[in-house]
Amino acid sequence: MPAFAEINPMELHMVAINEYLTRVPGTMPVGKIVVHNRVKWQRTLGLDGFRAWLDDPPPKEHYKLCTCGWAPHLKAHYRSAPPSK
Ligand SMILES: [Zn+2]
């Protein structure tokens, strides 16, 4: 399943303005929210197309509070859930 096929133009735009994380933040970054894409999460960022990035609050409309179990030490994180699907 090619992960990038699921990235819609809105996400590509976000990718352009937000750098992907290369590792999970040890603590919740102040003034930022942590978001990952819709790919099933992996321990290693970048594996199988799993990506995460920081964004500015408030969460965008298509960000959903995520309880997938990834990065449990973070107070909260979001999943990018584009309305296109
Ligand atoms: Zn999650």
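Predicted model only: the values in this text are computed from it and were never measured.

## What to know about the sheet that holds strand β2 (residues 52-55)
Then, in step 1: Within the open sheet, the 4 strands sit side by side as β2-β1-β4-β3. Their pairing is mixed. Each edge of the open sheet is held by one strand with a lone partner, namely β2 and β3 (63-66). Strand after strand, the sheet turns through a mean of 40° between neighbouring axes, direction not considered.
Then, in step 2: Pairing analysis gives 4 bridges linking β3 to strand β4 (residues 77-80), with the strands arranged antiparallel. By the bridge assignment, Lys-64 is partnered in β4 with Arg-79.

## Some thoughts on the pairing of β4
Then, in step 1: Bridge analysis of strand β1 (residues 33-36) against β4 gives 2 bridges, and the strand direction is parallel. Following the sheet pairing, His-36 is matched in β4 by Arg-79.

## What to know about the nonpolar core
Then, in step 1: Ile-33, Val-34, Val-35, Ala-52 and Trp-53 form the largest nonpolar core, which has 5 residues in total.
Then, in step 2: Elements with a contribution of two residues or more to this core: β1 and β2.
Then, in step 3: Among the elements that line this core, the one with the most residues is β1, at 3 residues.
Then, in step 4: Not counting the four nearest positions on each side in its chain, Ala-52 is found in contact with Tyr-20, Leu-21, Val-34, Val-35, His-36 and Leu-45.

Rules of the game
Residues numbered from 1 in each chain as written. Predicted model: local features only at pLDDT ≥ 70, side-chain atom pairs only at ≥ 80, totals over all residues. Pairing = 2+ DSSP bridges. Helix = DSSP H or I, 4+ residues; strand = E, 2+ residues; numbered from the N terminus. Axes fitted to C-alpha atoms, helices over the stretch in contact; angles between N-to-C directions. Core = buried A, V, L, I, M, F, W, Y, C linked by C-beta atoms within 7 Å. Buried ≥ 20, exposed ≤ 12 C-beta atoms within 10 Å, placed from the backbone. Contact = placed C-beta atoms within 7 Å.

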